Amino acid sequence: MVCRILAAAIGLVSIAAAVVASAEPPAGAAACSGCHPASTRVTSPVPRLAGLDGAAIIRAMQEFRSGTRAATVMDRIAKGFTEAEVQAIAAWYATQR
Amino acid sequence: MRVSRREFLKLGGAATSAALLPLPTFAQGAAPRVVVVGGGFAGASCARALRQADPRIAVTLVEANTTFTACPFSNAVIGGLRELSAQQFTYERVAADGIAVARGTATVVDAQARSVTLADGTRLPYDRLVLAPGIDIRWGALPGYDEAAAALMPHAWRAGEQTLLLRRQLEAMPDGGLVVISAPANPFRCPPGPYERASLIAHYLKTKKPKSKLIVLDAKDAFSKQRLFQAAWAELYPGLLEWVPLSKGGNVISVAAATGTLVTDFGRHKAAVANVIPPQKAGRIAEAAGVADRSGWCPIDPVTFESKLQAGIHVIGDAAIAGAMPKSAFAANSQAKTCAAAVVRLLAGGAPSAPKLINTCYSLLAPDYGISVAGVYQPSGGQLADVPGSGGVSPTDAPRATRAAEAVLAEAWFRTITGEVFG
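About the thresholds
- Residues numbered from 1 in each chain as written.
- Chains lettered and ligands numbered in written order.
- Predicted model: local features only at pLDDT ≥ 70, side-chain atom pairs only at ≥ 80, totals over all residues.
- Helix = DSSP H or I, 4+ residues; strand = E, 2+ residues; numbered from the N terminus.
- Rg over C-alpha atoms; globule rule 2.2 N^0.38 Å.
- Buried ≥ 20, exposed ≤ 12 C-beta atoms within 10 Å, placed from the backbone.
- Domains from an automatic or database assignment.
- Contact = placed C-beta atoms within 7 Å.
- Nonpolar A, V, L, I, M, F, W, Y, C, P; charged D, E, K, R; others polar.
- Axes fitted to C-alpha atoms, helices over the stretch in contact; angles between N-to-C directions.
- Left-handed = near helix turned anticlockwise from the far one by under 90°.
- Pairing = 2+ DSSP bridges.
- Expected span 1.5 Å × (residues − 1).

## Details of the overall build of chain B
- If you tally the helices and strands in chain B, you get 12 helices and 25 strands.
- Since a compact globule built from 423 residues should have a radius of gyration of about 22 Å, the 23 Å found for chain B is in line with a globular shape.
- A buried classification covers 51% of the 423 residues belonging to chain B.

And the structure:
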């Protein structure tokens, strides 16, 4: 019975964690909106990321990292993210509106 | 040893509530309560991020002022390039998100009972508390510099009336006057701030009062973006702006506000206008809550921003000891969103995952001359550390077109971040 209670408790916790995780941006993604406007009401030469094609974000980050795309700060920032992190961020932004 | 079934259940129950379900508030159906103290870039960002992540959380934002006055770009106000109204924001949109904005000053935190008390006696119970109190001036740390002295020698390091005071003093100064800025030792709010301010005051003097001179007395021998600043000063303000480092007698050891005098180890300077940027510490409530250490700042866990000194209390923004992250508005906003995600996980009984944070800071050296520093950070060895190989400052050999582009991006950044936090 104790085991069953514990199992149920563990189940509750992992369900709660899973629900939270599905809505949550991956590591690093939330920081982007310091410069890339989350809101459509803000005008900026820096593009919004929400709804962008994930492959385009991945390609841009690769080019910023290698120095083949002109940049002011993104070359320095892109070097702080692994390919896996960029993929997760790109996939998340592609689902945002 | 035999353990009876009843005792075993009791033990099991204790272990369950301590380790597995530290706060099963959601399961019980009660709305978890998060109180955020301080409505700046850190606090207001965190309150909104919490609410956005889970509207079931009852979020209260405690803030003393009805209007927020932003520090970034306030040096442009001092230099006559911008009006203070462009720095000011209200909490209307924050409240419209469903956040209870409590007008008042938090004076007492009871970490055991988990409640915050405001100056008017209002008691706010919480499940988790986020402190984002910014900075306080360390009055008394610089002999002669107290609140009365600040009315004569403004610090202008919390934007608002002090910003306007310094601007008016510069406007009233006759051409040929000596302006002195005193810059503090690390750590302090906005590491490149004193040097951006020196640049924009120099720009004002060059344009309006070209016979004047500006001296920066520094308690340090090195500062943020130093090579970029010094190259630009030689190009833009030759003979007008002099930086005196610690090793050349830059450390101000006392001031006499009535006579406009700043005393260093090597001599004294009599200023027509003196801007004293004094030593600082975490905002007052941090000390009252027991989350500040002997340095005056707040040690935190780099994953959750929970205080290392008090359970259930998180500290974000300038008040926190955030390792390699500077005390900047961008960093505060980035930390706020990370902390909010961790708090949501903790309230749900989950484990926060390792975050990645960013900082980007622009400085204006003239209206069309901007530079930047950027960094990416992750927890490492119990601190927030630079991700190796990332970050850095604008190139030293960039053409003026790049400086102009960064000046435009600086303004865009301000619109974007204030739009996210207050819009």
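## Thoughts on the domain arrangement of chain B
Residues and elements named next belong to chain B.
- Per the domain assignment, the segments of chain B are domain 1 (19-64 + 104-138 + 280-353) and domain 2 (148-279).
- Taken over C-alpha atoms, the centre of domain 1 sits 34 Å from the centre of domain 2.
- Of the residues lining the interface, nine residues belong to domain 1; the matching set on domain 2 comes to eight residues.
- Here the side of domain 1 that touches domain 2 is composed, by residue class, of four nonpolar, two polar and three charged.

## Considering the environment of A70 of chain B
Residues and elements named next belong to chain B.
- Assignment of secondary structure puts A70 in the loop between β3 (67-69) and α4 (74-78).
- On the basis of neighbour count, A70 is assigned to the buried category, with 21 C-beta atoms found within 10 Å.
- A C-alpha to C-alpha distance of 8.4 Å links A70 and R158, two positions 88 residues apart in sequence.
- Once residues lying within four places of it in the same chain are set aside, the contact partners of A70 are Q87, F89, A159 and T418.

## Regarding the packing of helix α2 (residues 54-66) of chain A against helix α4 (residues 83-95) of chain A
Residues and elements named next belong to chain A.
- α4 packs onto α2 with a crossing angle of 145° between their chain directions and a minimal axis gap of 8 Å. Of the two possible hands of crossing, α2 and α4 adopt the one that is right-handed. Here G54, I57, I58 and M61 of α2 lie close against α4, whose contacting residues are V86, Q87, A90, A91, Y93 and A94.
- Looking at the contact of α2 with α4 residue by residue, the class counts come to eight nonpolar, two polar and no charged.

## Structural notes on the sheet that holds strand β7 (residues 115-118) of chain B
All names here are of chain B.
- Strand order in the open sheet formed by three strands is β6-β7-β8, with antiparallel pairing between adjacent strands. Every other strand in the sheet has two partners, leaving β6 (106-110) and β8 (123-125) as the edge strands with one partner each. The sheet shows a mean angle of 20° between the axes of neighbouring strands, taken without regard to direction.
- Of the pairings in the sheet, the one linking β6 to β7 comprises four bridges and is antiparallel in character. Counterpart to V109 in the pairing with β7 is V116.

## A few points about the pairing of strand β14 (residues 252-256) of chain B
All names here are of chain B.
- When β14 meets strand β15 (residues 261-264), the two strands line up antiparallel, connected through four bridges. Opposite S254, over in β15, you have V263 as the bridge partner.
- Between β14 and the antiparallel strand that follows it, β15, lie four residues; G260 among them carries a positive phi value of about 70°.

## With respect to helix α8 (residues 193-208) of chain B
- With 16 residues, α8 of chain B extends 22 Å from end C-alpha to end C-alpha; this agrees with the ideal 22 Å at 1.5 Å per step.
- The element α8 of chain B is extensively covered by neighbouring structure, given that 13 of its 16 residues are classed as buried.

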